[in-house]
Amino acid sequence: MDYEDHHPQPSEIFLIIEIADSSLKYDREVKTSAYAKSGIIDYWVLDLNGRKLYVYRLPNAESYQSESILGENLTISPLAFPDCQIKIRDFLMKV
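Owing to the predicted nature of the structure, the values given are computational and were not obtained by experimental measurement.

J.: Please explain the pattern of salt bridges as it appears in this structure.
T.: Side chains that differ in sign of charge can pair as their charged atoms come close. Evaluation of the coordinates by the stated rule reveals seven salt bridges. Here Arg51 makes a salt bridge to Glu72, at a shortest N to O gap of 2.9 Å. Within this pair, whereas Arg51 is found in the loop between β2 (42-47) and β3 (52-59), its partner Glu72 is found in the loop between β4 (64-71) and β5 (75-76), the two being separated by 21 residues in sequence. The exposure class of Arg51 is partly exposed, given its relative accessible area of 33%.

Encoded structure:
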């Protein structure tokens, strides 16, 4: 297989994270629907301005069946790596 020409299939994608500064509405509406229809099992949108993480899981043909909104003081684990604990605040730290 030539990996340079290979586009990953949904089964090969463990997590997609969008970083939203001015794109929050687009990421939460348009991309959420597209990723769910594609079968992406774990989709997160980090809202830089609101300092929260939107978590979408359980995709179906229309959208995600599960949406959670987590504040910056919480932690989360990707579905594919449940032992990996990530502090949401760490995503929001300034470089």
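From this point, the discussion proceeds with the structure in view.
J.: How should I be thinking about helix α1 (residues 24-38) in this particular structure?
T.: Residues separated by three or four positions in an α-helix point in the same direction, a consequence of the helix having 3.6 residues per turn. Across its 15 residues, α1 extends 20 Å between first and last C-alpha, which sits within 8% of the 21 Å expected from 1.5 Å per residue. Along its length, α1 shows its largest kink, about 35°, at Lys31. Of the residues making up α1, those classed as buried are Asp27, Thr32, Tyr35 and Ala36. Contact partners of the buried residues in α1: β1 (16-20), β2, β3 and β4. Remark: Gly39 follows α1 within two positions and exhibits a positive phi of approximately 90°.

J.: How should a nonpolar patch on the surface be read in this particular structure?
T.: A grouping of Ile17, Ile19 and Leu48 is seen on the molecular surface, where their side chains present a nonpolar patch of about 220 Å² in accessible area. Along the chain, Ile19 turns up in strand β1.

J.: Would you explain the environment of Ser77 in this entry?
T.: Relative to the helices and strands, Ser77 is located in the loop between β5 and β6 (86-87). For the pair Ser77 and Arg51, spaced 26 residues apart in sequence, the C-alpha separation works out to 18 Å. Within polar-contact distance, the side chain of Ser77 engages the backbone oxygen of Pro82 at 3.2 Å. A distance of 2.7 Å separates the side chain of Ser77 from the side chain of Gln85, its partner in a polar contact.

J.: Where do I start with the side chain of Thr32 in this structure?
T.: Relative to the elements of secondary structure, Thr32 occurs in helix α1. Apart from residues lying up to four places away in sequence, Thr32 is in contact with Asp27, Tyr43, Tyr56, Ser63 and Tyr64.

Conventions used here
Residues numbered from 1 in each chain as written. Predicted model: local features only at pLDDT ≥ 70, side-chain atom pairs only at ≥ 80, totals over all residues. Heavy atoms only, no water. Salt bridge = Lys/Arg side-chain N within 4 Å of Asp/Glu carboxyl O. Helix = DSSP H or I, 4+ residues; strand = E, 2+ residues; numbered from the N terminus. Buried < 20%, exposed > 50% of the residue type's maximum accessible area, 1.4 Å probe, protein only. Expected span 1.5 Å × (residues − 1). Bend = angle between axes of the 7 residues up to and from the residue. Contact = heavy atoms within 4.5 Å. Patch = residues over 30% accessible without salt bridge, like charges linked within 9 Å, V, L, I, M, F, W, Y side chains within 5 Å. Areas by Shrake-Rupley, 256 points an atom, 1.4 Å probe, with all protein chains shown as cover. Polar contact = N/O pair within 3.5 Å; in protein donor to acceptor, adjacent residues only side chain to side chain.

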